[in-house]
Amino acid sequence: MNDQRPAMTGARRVRVVLADDHAAVREGLRMVLEASGRISVVGEAADGAAAIRTATQVRPDVILMDVRMPQVDGIAATETITASTGVRVLVLTTFGVDDYVLGALAAGASGFLLKTASGAELVDGTLRVAAGDAILDPEVTRVVVDAMRGRSATAAADLSALTERERDVLAGIGSGLSNMQIARRLEIGESTVKTHVSRVLMKLDAPSRVQAAVIAVQAGLV
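Note that the structure is a prediction, hence the values are computed from the model and not measured. (Residues numbered from 1 in each chain as written. Predicted model: local features only at pLDDT ≥ 70, side-chain atom pairs only at ≥ 80, totals over all residues. Heavy atoms only, no water.)

Next up on the list: the overall build of the chain. The number of helices and strands found in the chain is 10 helices and six strands. Buried residues in the chain amount to 51% of all 222 residues. Partitioning the contacts of the chain with sequence separation of at least 6, the portion at a separation of at least 24 is 68%. (Helix = DSSP H or I, 4+ residues; strand = E, 2+ residues; numbered from the N terminus. Buried < 20%, exposed > 50% of the residue type's maximum accessible area, 1.4 Å probe, protein only. Contact = heavy atoms within 4.5 Å.)

For the rest of this paragraph, the subject is helix H10 (residues 209–218). Think of an α-helix as turning once every 3.6 residues; residues three or four places apart then point the same way. Among the 10 residues that make up H10, 10 are buried, leaving the element largely enclosed by the rest of the structure. Residues of H10 that are buried: Arg209, Val210, Gln211, Ala212, Ala213, Val214, Ile215, Ala216, Val217 and Gln218. Immediately downstream of H10, the backbone of Gly220 shows phi near 80°, a positive value.

Okay, the pairing of strand S1 (residues 14–19) next. Regular strands show a simple pattern: their side chains alternate between the two faces of the sheet. Counted residue by residue, S1 has five buried out of six residues, so it is predominantly covered. One ladder, built from six bridges, connects S1 with strand S2 (residues 39–45); its direction is parallel. Bridging from a neighbouring strand, Ala19 pairs with Ala45 of S2. In this fold, S1 hands off to helix H1 (residues 23–35), which returns the chain to S2; that crossover is right-handed. Pairing of S1 with strand S3 (residues 62–66) involves four bridges; the strand directions are parallel. Of the residues in S3, the one forming a bridge with Leu18 is Leu64. (Pairing = 2+ DSSP bridges. Right-handed = clockwise from strand over helix to strand, strands pointing away.)

Applying the stated rule across the entire model yields nine salt bridges. Lys115 is paired through a salt bridge with Asp66; the nearest N and O atoms lie 3.1 Å apart. With Lys115 in the loop between strand S5 (111–114) and helix H5 (119–130) and Asp66 in strand S3, the pair connects residues that are 49 residues apart, well separated along the chain. A salt bridge links Glu166 to Lys203; its shortest N-O distance comes to 2.8 Å. Note that Glu166 is positioned in helix H7 (residues 164–174) and Lys203 in helix H9 (residues 190–204), a separation of 37 residues in sequence. By relative accessible area, which is 2% here, Glu166 ends up buried. Overall, Lys203 belongs to the partly exposed group, its relative accessible area being 35%. (Salt bridge = Lys/Arg side-chain N within 4 Å of Asp/Glu carboxyl O.)

Moving on to the sheet that holds strand S6 (residues 135–136). The strand order across the open sheet built from six strands is S2-S1-S3-S4-S5-S6, with neighbouring strands paired in parallel fashion. For this open sheet the edge positions go to S2 and S6, each flanked by a neighbour on one side alone. Each of S1, S2, S3 and strand S4 (88–93) is contacted by H1, which is oriented at about 165° to S2, the strand it contacts most. (Axes fitted to C-alpha atoms, helices over the stretch in contact; angles between N-to-C directions.)

Scope: geometric values only; no functional claims are made or implied.
Set out below in structure tokens:
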């Protein structure tokens, strides 16, 4: 994904589109997100095709994407949206659906949350994805890693090119920490963390923090 979108600054609300085939779910998400005072829901979609159209027309900061939808599912929609618009996608998933999570990962999703996440977790995850962080529910990450371990074609990443500090940063990514949280853990500046993250992604040839997080868990750093 070629994403040149700036991080959220100032008091501007994060613009979100909700993609879920259940109207009641969308309404609940809207109420939770807008109650935060930091997020505006600027569009809704009941299937993947509508999500693609809305993303293209509205260009939100984040789409909250269900994976199981009619016509075009959330995985196919995520792949099209991330490739053509640069809009970030936060996938809402049900624990244990390995193939769906893996598909969304490959499609370029910026994060995963369980549908059982609290309102505070949904708001925090949305804001973090909008700011360029990855948000990974630990349970979802474990599902991905376990599924990848069962695939013979999956090879462990070579971490030999990473410095000790970069390995520490990778471990923080694998734990689902934001850049600020990694900076506090390692007692370094946030800008330094951003530099390390960029280098880690480049050295591991990882398209996003999500993939880097999976590598971290798979390598036993978390």
